[in-house]
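Listed below are the residues making up each chain.
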Amino acid sequence: MSLYERFVSKGPSGFSYGSTAEQVTEGLSLTGKTYLVTGCNSGLGHEAMRVLALRGARVVGTARSEDKARQACASVTGQTVPLACELSDPRSVRACVDAVKARGIELDAIICNAGIMALPKLEKAHGYELQFFTNHIGHFILVTGLLDQLTPKGRVVMLSSDAHRGAPKSGIEFDNLDGSKGYGAWRAYGQSKIANALFAKELARRLAGTGKTAYSVHPGVIATNLTRSMNPLVAVAFAVGTPLALKSIPQGAATEVYVATNPRLLGASGDYFANSNVGKPRGDVRDEALAKRLWEVSETIVAGLPQ
Ligand SMILES: NC(=O)c1ccc[n+]([C@@H]2O[C@H](COP(=O)([O-])OP(=O)(O)OC[C@H]3O[C@@H](n4cnc5c(N)ncnc54)[C@H](OP(=O)(O)O)[C@@H]3O)[C@@H](O)[C@H]2O)c1
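The text that follows walks through the structure, step by step, so that each part is easy to find.

Conventions used here
- Per chain, the residues get numbers from 1 upward, laid out in the order the sequence is written.
- For this predicted model, a pLDDT threshold of at least 70 governs which residues receive local features, and a threshold of 80 or more governs which side-chain atom pairs are given and counted, while totals over whole chains, interfaces and linings are taken from all residues.
- Side-chain metrics rest on all non-hydrogen atoms present in the structure, leaving aside hydrogens and water.
- Each helix is a run of H or I in the DSSP string that is no shorter than four residues. Each strand is a run of E no shorter than two, and both are numbered from the N terminus.
- Burial classes: relative accessible area under 20% of the type maximum marks a residue as buried, over 50% as exposed, and values in between as partly exposed (1.4 Å probe, protein chains only).
- Throughout, a contact is declared for two residues whenever any of their heavy atoms are within 4.5 Å.
- Here, axes are lines fitted to C-alpha atoms. For helices the fit covers the stretch in contact, and angles between N-to-C directions go from 0 to 180 degrees.
- Roughly parallel refers to an angle under 35 degrees, roughly antiparallel to one over 145, roughly perpendicular to one between 65 and 115, and oblique to any angle outside these ranges.
- With the far helix as reference, a near helix turned anticlockwise by less than a right angle produces a left-handed crossing, and one turned clockwise produces a right-handed crossing.
- Under the grouping applied here, Gly and all other residues not named as nonpolar or charged are polar, the nonpolar ones being Ala, Val, Leu, Ile, Met, Phe, Trp, Tyr, Cys and Pro and the charged ones Asp, Glu, Lys and Arg.
- In this analysis, the expected span of each helix is defined as 1.5 Å times one less than the number of residues it contains.
- We call a set of buried Ala, Val, Leu, Ile, Met, Phe, Trp, Tyr and Cys residues a nonpolar core when their side-chain atoms join them within 4.5 Å.

Position of proline 281 among the secondary structure elements: in the loop between β10 (277-278) and α10 (288-303). Relative accessible area serves as the criterion here: at 10%, proline 281 is assigned to the buried category. C-alpha separation for the pair proline 281 and aspartate 98, spaced 183 residues apart in sequence, amounts to 34 Å. The contacts of proline 281, once residues within four sequence positions are left out, are His164, Arg165, Tyr272 and Arg286.

Another point: the environment of leucine 36. For leucine 36, the location among the structural elements is in strand β1 (residues 34-38). You can call leucine 36 buried: its relative accessible area is 0%. Spatially, the C-alpha atom of leucine 36 lies 30 Å from that of glycine 283, the residues being 247 residues apart in sequence. Dropping the residues within four chain positions of it, leucine 36 is found in contact with Val60, Thr62, Val100, Leu107, Ala109, Ile110, Ile111, Leu142 and Leu146.

For the pair helix α4 (residues 90-102) and helix α5 (residues 130-146), the least separation of the axes is 9 Å and the interaxial angle reads 30°. It follows that α4 is roughly parallel to α5 by the angle criterion. Where α4 crosses over α5, the handedness of that crossing is right-handed. Each of Pro90, Val93, Arg94, Cys96, Val97, Val100 and Lys101 in α4 lies in contact with α5, whose residues at this interface are Phe133, Gly138, Ile141, Leu142, Gly145 and Leu146. The class makeup of the residues in the contact of α4 with α5 is 9 nonpolar, 2 polar and 2 charged.

Taking 1.5 Å of rise per residue, 23 residues should cover 33 Å, and helix α6 (residues 185-207) covers 33 Å from first to last C-alpha, within 8% of that figure. For α6, the buried fraction is high: 18 of the 23 residues fall into the buried class. Looking one or two residues beyond α6, the residue adopting positive phi is glycine 209, at roughly 90°.

Formed by 54 residues in total, the largest nonpolar core has its most connected members in Leu107, Ile110, Leu142, Ile172 and Leu203. Secondary structure elements with two or more residues in this core: β3 (79-84), α4, β4 (107-112), α5, β7 (150-159), α6 and α10. Residues in contact with isoleucine 110, not counting those within four places in the same chain, are Leu36, Leu142, Val143, Leu146, Leu150, Arg155, Val156 and Val157. Residues Val24, Met49, Ala53 and Leu159 belong to the second largest nonpolar core, which totals 31 residues.

Okay, the packing of α6 against α10 next. α10 packs onto α6 with a crossing angle of 95° between their chain directions and a minimal axis gap of 9 Å. Here α6 lies roughly perpendicular to α10, going by the angle between them. Each of Ala195, Leu198, Phe199, Glu202, Leu203, Arg205 and Arg206 in α6 lies in contact with α10, whose residues at this interface are Glu288, Leu290, Ala291, Lys292, Leu294 and Trp295. Here the contact of α6 with α10 is composed, by residue class, of 8 nonpolar, no polar and 5 charged.

Structure (structure tokens):
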């Protein structure tokens, strides 16, 4: 338990900063439900998969390769289906969509958990900045491909981050999606994470009236492999910060699991959650025109990618 969480009270959901994924699902039977979790081999995704399976759900766990997915799935108790889904490779994402469809799997939620953070130098996939491509475009292809597989009350959960507040002033720099007009590691990460929240917002708008819903989530700040491409001192700072104020991995996985599973979820489709309660994102996450434009630009990008 961190020092900070001792001073934080519970929110309206009955959960708080310190709640773990096991606590937010206590007493809940997920038998008969199926969840897809991207990035199931590490950090929050692995813990989310473990707890969902522990509660009786079947979990489709995806990772960059089938080998990684298989190993991760084998490491938890319960029913799992390992699939490859390399988010920076549209063919791999589409193959994952096809595999879910071919198996006739219906999904109670898609948890778009995988992500990369603050790459020190500009890297690209298919001509686009890599964090935007991996965190947003890869998941855009996956989710739009799987919408028909969602159960009538199925949910889409996008892992955003409070780091979305560091996105460019305009939200998304549509004229700089390749990074050629300037690159900042945190600005690009922030842009990819505001894209996750805007995608949830626009998806919620498009799904209105169907029973299917979409949300975005800030999991907290947690020492995971997410810092892998950064200066090793950052990992040290995370390790030192954990007992003081950071969340543990079981606490970090709580909000995504809560939003994916809670039968009495407080909040509306499109909302941004933090600490297993409705949170308050940057103002422009509510900018419908921006969210709509991002969707349309994403469709254009996807249409130009290798089939
Ligand atoms: N940890 C935090 O403090 C924090 C804070 C705010 C938001 N988040 C968000 O929470 C989510 C989970 O992060 P985490 O902390 O659990 O990090 P993590 O331990 O690094 O896990 C990230 C997962 O994403 C996968 N991934 C990365 N690139 C991928 C790609 N191109 N295709 C498919 N999978 C890919 C990783 O696979 P490999 O292991 O194979 O690379 C790994 O399974 C991320 O979306 C992150 O932005 C985390």
